[in-house]
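# Examination of the molecular architecture
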Amino acid sequence: MKTRHVFTTPDLATAQAAMDAALAAGVEDEDILLIARSDIELDSIPDERKEADTDFMPAALRGAGYGGAAGLLAGVVAVAMTPVGFSLAGTAAATVAGAVVGCWASALVGSSLRDPIRVKFDQEIRQGNILVIIDGDKTLIDAAESRITDTGARLLPFESLKAMA
């Protein structure tokens, strides 16, 4: 599991310096994202650095996992019940069907939920600050924190676990 940390910066130059410090400390490039007011994001932030505005992907992944587990359980129960006549192939099909339905349903719900970072730090974003989100091993981020804050970035009170991609 990776740990997600959020830093706030007053402008794009400071955000870039914070990203450079994180990269120098060993944080992977794909583990650094930015969140800003929509006008700042449109004008100044490259697409590969933007954080999604919804909980779509995490919800889809959770749904696939839970749906697959439910499908597997249903398939195993069906195999155990001899009058049903389910085979192991049927169990695999039930697992796949459960994962697909779970992924689809959860993605629909997740697309309607705002990103928790945007919700929690809405005031920071509206003030024009740029949030630098860094995902990585907790010990790596903790070691990089002083380098990042030396650039003028400020650590915000947010820490959550993020499933590794």
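Overview of the structure. All figures in this text were calculated on a predicted structure; none of them were measured in a lab.

So, about the pattern of salt bridges. One pass over the structure, following the stated rule, counts 3 salt bridges. Close ionic contact of R126 with D122 constitutes a salt bridge, the shortest N to O distance being 2.8 Å. Taken as a pair, R126 and D122 lie in helix α6 (residues 122-126) at a separation of 4 residues, close to a single helical turn. Given the relative accessible area of 53%, R126 is considered exposed. R154 is the salt-bridge partner of E124, the closest N and O atoms lying 3.1 Å from each other. A residue pair is termed long-range when its members are at least 10 positions apart, and E124 in helix α6 and R154 in strand β4 (residues 154-162) qualify at 30 residues.

On the surface, L73, V77 and M81 cluster together into a nonpolar patch covering about 290 Å² of accessible area. Locating L73 in the fold gives a position in helix α3 (residues 56-80). On the basis of relative accessibility, which here comes to 56%, the residue L73 falls in the exposed class.

The element strand β3 (residues 130-136) is extensively covered by neighbouring structure, given that 7 of its 7 residues are classed as buried. Side-chain alternation along β3 places I130, V132, I134 and G136 on one buried face and L131, I133 and D135 on a second face that is also buried. Taken together, the 7 bridges between strand β1 (residues 2-9) and β3 define a ladder with antiparallel strand orientation. Bridge assignment links V6 to a residue of β3, and that residue is I133. Two strands pair when backbone bridges link them, and strand β2 (residues 32-35) and β3 are joined in this way by 4 bridges, in the antiparallel orientation. When the bridges of β3 are listed, I32 appears paired with I134.

Definitions and limits used
Residues numbered from 1 in each chain as written. Predicted model: local features only at pLDDT ≥ 70, side-chain atom pairs only at ≥ 80, totals over all residues. Heavy atoms only, no water. Salt bridge = Lys/Arg side-chain N within 4 Å of Asp/Glu carboxyl O. Helix = DSSP H or I, 4+ residues; strand = E, 2+ residues; numbered from the N terminus. Buried < 20%, exposed > 50% of the residue type's maximum accessible area, 1.4 Å probe, protein only. Patch = residues over 30% accessible without salt bridge, like charges linked within 9 Å, V, L, I, M, F, W, Y side chains within 5 Å. Areas by Shrake-Rupley, 256 points an atom, 1.4 Å probe, with all protein chains shown as cover. Pairing = 2+ DSSP bridges.

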